[in-house]
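Chains, contacts and geometry: an overview
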Amino acid sequence: MQIPIPAGLQTRMCVLGDDVLKDIPAILRQYWPGKTPKIIADANTWAAAGQAVQDILCAAGMAPAEPHIYPAQPMLHGDYRHVVALKPIVRGLVPVAVGSGTINDLVKCSSHEAGTGGYLCVATAPSVDGYTSSGAALVVDGFKKTVSCDAPLAILADNAVVSQAPMPMVAAGYADLAAKIVAGADWHIADALGITPHDQVTWDMVQKDLRQWLGNPQGILERQSEAMAGLFLGLAATGFAMQYYHESRPASGAEHLFSHIWEMDEIEVNGEAPSHGFKVAVGTLLATALMDETFALSADAMRACADAAPEVSPAERRAQIDALLGGSSFHVGAIDVAIGKLLTGAALQARRQQIIAAWPLMQQRLEQQLLPYAELRRRFQLLGCPVEPADIGLDEAELRKGVLGAAMIRNRYTILDLLFELGQFDVMLDRVMSKGYFTRWLPKAENHRRGL
Ligand SMILES: NC(=O)C1=CN([C@@H]2O[C@H](COP(=O)(O)OP(=O)(O)OC[C@H]3O[C@@H](n4cnc5c(N)ncnc54)[C@H](OP(=O)(O)O)[C@@H]3O)[C@@H](O)[C@H]2O)C=CC1
Ligand SMILES: O=C(CO)COP(=O)(O)O
């Protein structure tokens, strides 16, 4: 199946199908005539598809370079330091990324910076929406950000490989796709306030068929071909939306920001970092709960709460940032972002009025947009996604830190900014924590990381 590519994107082809790896030599000759391919994989993805691709290249007389294979352990992370190391390795060659989100991001960024004229991505799991996007989600000097870089020229996904990927990776992809529901709600909020207006073409790329792609979790659990294809198609379409929009707003809202804080804090469960999609699953439930609690209030009730809430001065905000993130590698970045977007005085009052005026519109849009919390949780549970903070190694303090810190690290207007500006951040967080949305946190005594 040729996955449709919106006009004007860098990506030239995206194929999901049976036995597609054999087409790789022809694709390489078409887009990179006369150049030498080099596979970048890790031990797991080498076994899943890398060796097969190398054999196909050799059999086709393409004389591929020696593959670059990362060990399976310690697990590879999307850290910019790997990009620095990879750049000289891929320079002058055609990089062929064989792997999932991390390998793809490392190859995407290093190919771009080494000027290879693009790269070929061979996806090995339906675990993320990043294959088709034009950014790489990387930790740069301790700060998780999306680094802008060219998208792959071609993406191939072989059914036999992606549909046999480990179920936790499939579930992670489902959660990354389900996150687009709540990320869309965040965009509705920003649009209703005139801060980030919708781009209809981008919006439709993600949201038009989203409920259909997500609608058969049982089929995904059973690895039914149509349901699996829908999952991959949805993730690919979302990546294309990021590529088209030139940033990740169509794919990410508060739920991703929570996940970034937890990733930067290197949370672990049983000694392993939970996957991107698993952190996003808990983030998606958390953001849904925050939105449900917030918009359960009428405009009048929210106005009364906001009127009684004191404003936060730059010095007070700075103290909050220092207290929460001081000593972490992302402290300085957070100061720039969070102080930069802080509203005070007349500007804050004007924003509060604007929010209250747009309240009925936001309520109506979010009611249509959001999946009920219980249904979202049921689907995640069915697929084996985490649904409780303890499932991804969070104690109560770390969960709170994710929410408070998420509001400090990105200049993207979400429910978190709205709550902060209304002076209702702590109130709504306390409600979510006390009303049974979550019941299992890691006991503080078991959290040995960083002396939390
Ligand atoms: N650029 C963007 O727009 C986006 C980027 N991301 C980023 O993607 C990263 C997460 O990617 P994700 O795919 O979840 O995880 P990883 O790429 O980190 O892979 C997790 C594990 O799965 C293994 N694996 C992959 N495919 C197979 C397979 N077919 N069979 C067996 N094992 C397999 C990998 O092996 P091995 O370790 O050997 O590779 C690895 O051990 C994060 O850094 C996230 O921020 C996420 C969304 C969007
Ligand atoms: O992970 C992403 C989308 O799934 C990228 O989003 P961010 O903008 O939060 O980095």
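Just so it is clear, the structure is predicted and the values come from calculations on it, not from any experiment. (Residues numbered from 1 in each chain as written. Chains lettered and ligands numbered in written order. Predicted model: local features only at pLDDT ≥ 70, side-chain atom pairs only at ≥ 80, totals over all residues. Heavy atoms only, no water.)

Here's the deal with the pattern of salt bridges
Tallying each qualifying case throughout the model produces 20 salt bridges. Arginine 400 is paired through a salt bridge with aspartate 430; the nearest N and O atoms lie 2.8 Å apart. Highlighted residues: arginine 400 in helix α19 (residues 396-406) and aspartate 430 in helix α21 (residues 425-434), separated in sequence by 30 residues. Among the charged side chains, a network of salt bridges with common partners joins Asp129, Asp176 and Lys180. (Salt bridge = Lys/Arg side-chain N within 4 Å of Asp/Glu carboxyl O. Helix = DSSP H or I, 4+ residues; strand = E, 2+ residues; numbered from the N terminus.)

Thoughts on the sheet that holds strand β1 (residues 13-17)
Strand pairing within a sheet occurs via backbone hydrogen bonds; the two strands may be parallel or antiparallel. The strand order β1-β8-β5-β4-β2-β3 describes an open sheet built from 6 strands, whose pairing is parallel. Single-partner strands in this sheet number two, and they are β1 and β3 (68-70). Geometrically, the sheet is characterised by an average inter-axis angle of 15° between neighbouring strands, direction not taken into account. Across 5 bridges, β1 lies against strand β8 (residues 154-158) in parallel orientation. Looking at β8, one finds that valine 15 is bridged to leucine 156. Each of β1, β2 (37-42), β4 (94-99), β5 (120-123) and β8 is contacted by helix α1 (residues 24-31), which is oriented at about 155° to β5, the strand it contacts most. (Pairing = 2+ DSSP bridges. Axes fitted to C-alpha atoms, helices over the stretch in contact; angles between N-to-C directions. Contact = heavy atoms within 4.5 Å.)

Considerations on the site of ligand 2
In the neighbourhood of ligand 2, the contacting residues comprise Asp129, Thr146, Asp176, Lys180, Ser248, Ala251, Ser252, His256, His260, His276, Arg410 and Arg412. One nitrogen or oxygen atom from the side chain of aspartate 129 is found 2.8 Å from an oxygen atom belonging to ligand 2. In this structure, an oxygen atom belonging to ligand 2 sits 3.3 Å away from a side-chain N or O atom of arginine 412. When ligand 2 is considered free in solution it has 300 Å² of accessible area, and contact with the protein chains removes 96% of it. (Near = heavy atom within 4 Å. Polar contact = N/O pair within 3.5 Å; in protein donor to acceptor, adjacent residues only side chain to side chain. Areas by Shrake-Rupley, 256 points an atom, 1.4 Å probe, with all protein chains shown as cover.)

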